[in-house]
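# Secondary and tertiary structure notes
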Amino acid sequence: MRYLLTEEQKMIVDICRQIVSERIVPVRAELDESGTFPREIIDEVGKSDLFRIFIPEEYEGMGTGIFEVCLATEELSRGDLSVATSYAASGLGIIPILIAGSEEQKKKFLPGLASGSKLAAFGLTESEAGSDAGSIRTTAKKDGDHYILNGTKQWITNGGEADIYTIFTMTDPRKGIRGASAIIVEKGTPGFEFGKKENKLGIRASATRELIFTDCKVPKENLLGSEGMGFIIAMKTFDQSRPAVGAQAVGVAQGALEEALNYSKIRKQFGTPIASFQAIQHMLADMETNLEAARALVYHAAKVIDSGEKNVTRLASMAKLFASDMAMKVTIDAVQILGGYGFMKEYPVEKMMRDAKITQIYEGTNQIMRNIIALDMIKRGVLQET
Amino acid sequence: MYRQVIQIKIAVCMKQVPGTMEIKIDPETNTLIREGIENIINPFDSYAIEEAVRIKERLADEEVEVIAITMGPPQSADILRESISVGADSAILLSDRAFAGADTWATSTTIAKAINKLEDCRLIILGKQTVDGDTGQVGPELAQRLNIPFIGYVSSILEINRSKMKIKRLMEDRYETFEINLPAAISVVKDINIPRVPSLRGKMKAKTIEIPVWDAKKLEADENEVGLAGSYTRVVKIFTPQIKHDTRMIEGTADEQVEELHKILKELNLVSGS
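Here's a quick rundown of the structure. (Residues numbered from 1 in each chain as written. Chains lettered and ligands numbered in written order. Predicted model: local features only at pLDDT ≥ 70, side-chain atom pairs only at ≥ 80, totals over all residues. Heavy atoms only, no water.)

### Description of the sheet that holds strand S10 (residues 164-170) of chain B
Residue and element names in this part refer to chain B.
- Taken in spatial order, the nine strands make up an open sheet running S11-S10-S9-S12-S8-S1-S6-S7-S13, and their pairing is mixed. At either end of the open sheet lies a strand with only one pairing partner, and these are strand S11 (175-181) and strand S13 (213-214).
- As defined by bridge partners, strand S9 (residues 150-160) adjoins S10 across five bridges and the pair is classed as antiparallel. Paired with Ile160 across the bridge in S10 is Met165.
- Packed on one face of the sheet, helix H1 (residues 43-58) meets strand S1 (7-14), strand S6 (63-71), strand S8 (121-127), S9 and strand S12 (184-188) and runs near 145° to S8.
- Along the sheet, helix H3 (residues 104-118) makes contact with S1, S6, strand S7 (90-94), S8 and S13, crossing S6 at roughly 150°. (Pairing = 2+ DSSP bridges. Helix = DSSP H or I, 4+ residues; strand = E, 2+ residues; numbered from the N terminus. Contact = heavy atoms within 4.5 Å. Axes fitted to C-alpha atoms, helices over the stretch in contact; angles between N-to-C directions.)

Rendered as structure tokens:
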């Protein structure tokens, strides 16, 4: 694939690879075990300008596109999905500001996020509202020059670590999803606190916490777009972020496949490397083929988005769906190829398998992805017809 | 209100070295076999460049300029570009056929001329030594020529401003803290920092930046004071030491093996006792 990349894109890949080999691989098992947020690595990611690729040049970004974001996310995921999730989650918090932010909001919030000195987060999910985003209960009541927020967000990636939160609230609960609004809340705002840190199956080093709002007073200038636009902003955000979840899946699968292939060439049974057995060879061949197909779909979706195409929901969802199902299969097979060793924590593949699972769940479960794809097909026909 | 912009120039001296610990020497010609060996920044110099960039970030209110310098053949520009990608502002390549074959004496003469040309360098940072030559002499010699203080093996810069700095250095059995006036030259050890990964902006700048090449004429150097002609030492022979392996397998039960090993070690005077 490398020959298809521009000079700048190759630089992005090289920087990420260096961060992975020098900073991530030596500590990833320890971070996973202790569930420690990889602050030093994220600082290094920031210093390397990798957050700038989310953001246009006029706000101190690099003015690149979703494709570049996918390249960086994939490479970081190859090393550790916790780091990549923390990185991509900041992007998920940034995208709503890019989509719906006013000039003042962009000038105020984006430069700090571009340099990586500040992290962002995206707060939609609640205990009673995940896939069913219309059921959010957190409210924002207009009070003069402010909104007063009340409610609790759940499972928020970068919770407690981020400085800038895009929060989806009900400004008019009677209207259902048409009464939802997106509001920027800064860390440290009185009435904004963090709940417990979750103990997770995978991506254990990433921070997942509750956001608790108790009469939290936020200036009305922090409203993104206008009241009632919240749901549309969230859906447009996912259109751009879902290929990056696909890129996470491609990256973690790549990491697992590399481990499996190397192991199969070294591990001897019956006097010969296990890579000489057709049973293993066919597994490796399927893993590689599915991985490359997923990568092609993710890159294609990203490039279509970057071309300015408007109807990208289906393609973005397909990239996320296919790549994450592939990653789950490939990481499970990698554990299988490593056998007993694969089951042990001394080898990285069991962690990759645990990490991969989240890509089938977050930013919309794969069941929701299939709903979205099918509904869009029924509405607009088969993709290549349209 | 008028604010005086204080400019602090920091020069970082670096060298391109073979990127391997297993250097092979051609026994016929006594020269390094360079085929197939990738050249890298001398590892200690990457701590030097990182520390200079950190000083620049630390003194963000003042104008600090970090200039990377190396002397070597044209391809040495690669390590200068690499230093740009991690935050150096500019770089200068000292390159001339006349510089070839320089020992530390002639090298420090050449670099001193370049530093003088830069005017008002407040600080010169070097790695504690190179991994190919291993002498550690260029830093002190350079300071001598520039008539400025030199402190080697610095492990921490505690305070710094335009006129002085406070530093800690690592000795074999202790740390020492110094306060020295600037300009000065220091060499740094690997404890001082963890060099950063290049940035995307840095890499893009490194790709296109023009690196001026200063030759003997530009430095107004006499041909007899640089390169081989200006060197007081000659490398007569370089050789790979013959490592003698004297292996003997001890056999028998564990107790017999221990007994036998103890006997051998005693004969070699490596252990005492009965």
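That was the structure; now back to the text.
### With respect to a nonpolar patch on the surface
- A cluster of nonpolar side chains, contributed by Leu375(A), Met377(A), Ile378(A) and Val382(A), occupies part of the molecular surface with about 420 Å² of accessible area.
- Within the element layout of this structure, Leu375(A) appears in helix H11 (residues 366-380). (Patch = residues over 30% accessible without salt bridge, like charges linked within 9 Å, V, L, I, M, F, W, Y side chains within 5 Å. Areas by Shrake-Rupley, 256 points an atom, 1.4 Å probe, with all protein chains shown as cover. Salt bridge = Lys/Arg side-chain N within 4 Å of Asp/Glu carboxyl O.)

### Quick word on unusual backbone geometry
- The omega torsion across Leu182(B) and Pro183(B) is 5°, close enough to zero to call that bond cis.
- Positionally, Pro183(B) belongs in the loop between S11 and S12.
- Positive phi, normally seen in glycine, also occurs at Glu363(A), with a value near 55°.
- Within the fold, Glu363(A) resides in the loop between helix H10 (349-356) and H11.
- Although it is not a glycine, Asp120(B) adopts a positive phi angle of roughly 55°.
- Turning to its location among the elements, Asp120(B) is positioned in the loop between H3 and S8.

These results come straight from atomic positions and should not be treated as a statement about function.
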